[in-house]
Amino acid sequence: MDQDRIVAEAATIDGDLAARVGFLLELDRLKTVLRRSRLVDGSRLENTAEHSWHLAMFAVVLAPYAPEGADVPRAIEMLLVHDIVEIDAGDTYIYDQAGAADKEERENVAARRLFGLLPDGEGDRLEELWREYEARETPTARFAYGIDRLQPSLLNAASGGVSWLEHGIRHSQPVAINQPIVETSPLLWDLARRLFDVAADEGLLIDDRASDR
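Note that the coordinates shown come from a computational prediction; the quantities given were computed from them, not determined experimentally.

## Points about the layout of surface pockets
Part 1: Roughly 750 Å³ of internal volume is contained in the largest pocket.
Part 2: What lines the largest pocket is a set of 34 residues, and nearest its centre among them are T92, Y93, I94, K103 and R149.
Part 3: Contributing elements (two or more residues each) for the lining of the largest pocket: β1 (34–38), α6 (97–100), α7 (103–115), α8 (122–135), α9 (139–158), α10 (162–166) and α11 (172–177).
Part 4: At 6 residues, α9 tops the list of elements feeding residues into the lining of the largest pocket.
Part 5: Lining the second largest pocket we find L27, L30, A49, S52, W53, E77, L80, V81, I84, R125 and L126.
Part 6: Looking at the lining of the second largest pocket, the elements with two or more residues in it are α3 (48–61), α4 (72–81) and α8.
Part 7: Looking at side-chain class alone, the lining of the second largest pocket contains 8 nonpolar, 1 polar and 2 charged residues.

Set out below in structure tokens:
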């Protein structure tokens, strides 16, 4: 029985149920989108569905470090939604400047299709969460985005810097890219900076700190 058949069976019961089931089955494709970060044990690449779940747990556990005014439950929803567009648009590596050129266009097209699968304005609500995350204008979005930057930094450090080494990443690059963590929590930023420094000391990042000064 394929996905279309399941949706068709649900439609015989309720049209809205069919749309919601179709969307949920479509989300399964997020498990096939591979990121560049490896699992902590270094055995394989993380997929985007795993990443989204892990970020939601980060928000739960790191709630005491959320900036003033952040709505943590909304941030959890935001983090579960924020990478759904990668089903169509794919994952754009944070250091891929060429891929970043059309990232916004690709993701906007993906958002219209994917969130449009849901009925009764539910897709509009999820798309609003996604756009709030992308704009990073609210304390909630800044909390979510900072966590999204911290998590791969922790994975890369814990897995022995395999991804950093594979892509020839210099110390100055994660320092620059991850600055938004400061807006989440200065303490979390202190942790990230220490990890980048230790990684450079241990040869997991190309040490260009002389040019940083």
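## Some thoughts on helix α13 (residues 186–201)
Part 1: Counted at 1.5 Å a residue, the expected span for α13 with its 16 residues is 22 Å, and the 22 Å between its end C-alpha atoms agrees.
Part 2: All of the buried residues along α13 are L188, W189, A192, F196, A199 and A200. In an axial view of α13, the angular spread of the buried residues amounts to 115°, which keeps them on one side of the axis. The outward face of α13, more than 90 degrees from its buried face, is lined by the exposed residues P186, L187, R194 and D201.
Part 3: The distance from a side-chain oxygen at the start of α13 to the backbone nitrogen of L187 is 3.2 Å, and the residue carrying that oxygen is S185.
Part 4: Positive phi appears at G203, one or two residues downstream of α13, with a value of about 80°.

## Digging into the pattern of salt bridges
Part 1: Under the definition given, this model contains 23 salt bridges.
Part 2: The residue E26 makes a salt bridge to R113 at a minimum N-O spacing of 2.7 Å. Here E26 is found in helix α2 (residues 15–27), whereas its partner R113 is found in helix α7, with 87 residues between them in sequence.
Part 3: The class for R113 is partly exposed, based on a relative accessible area of 35%.

## Points about the packing of α4 against α8
Part 1: The N-to-C vectors of α4 and α8 enclose an angle of 95°; their axes lie 9 Å apart at closest approach. Taken together, the axes of α4 and α8 are roughly perpendicular relative to one another. Listed contacts from α8 to R74, E77, M78 and V81 of α4 are R125, L126, E128, L129, W130, E132 and Y133.

Rules behind the numbers
Residues numbered from 1 in each chain as written. Predicted model: local features only at pLDDT ≥ 70, side-chain atom pairs only at ≥ 80, totals over all residues. Heavy atoms only, no water. 1 Å grid on protein atoms, 1.4 Å probe; cavity = no way out; pocket = protein on both sides within 12 Å on 5 of 7 lines; lining within 4 Å. Points joined across faces, edges and corners; volume = space filled by probe spheres on them. Helix = DSSP H or I, 4+ residues; strand = E, 2+ residues; numbered from the N terminus. Nonpolar A, V, L, I, M, F, W, Y, C, P; charged D, E, K, R; others polar. Expected span 1.5 Å × (residues − 1). Buried < 20%, exposed > 50% of the residue type's maximum accessible area, 1.4 Å probe, protein only. Arc of directions from axis to C-beta. Polar contact = N/O pair within 3.5 Å; in protein donor to acceptor, adjacent residues only side chain to side chain. Salt bridge = Lys/Arg side-chain N within 4 Å of Asp/Glu carboxyl O. Axes fitted to C-alpha atoms, helices over the stretch in contact; angles between N-to-C directions. Parallel < 35°, antiparallel > 145°, perpendicular 65-115°, else oblique. Contact = heavy atoms within 4.5 Å.

Keep in mind these numbers describe shape, not what the thing actually does.
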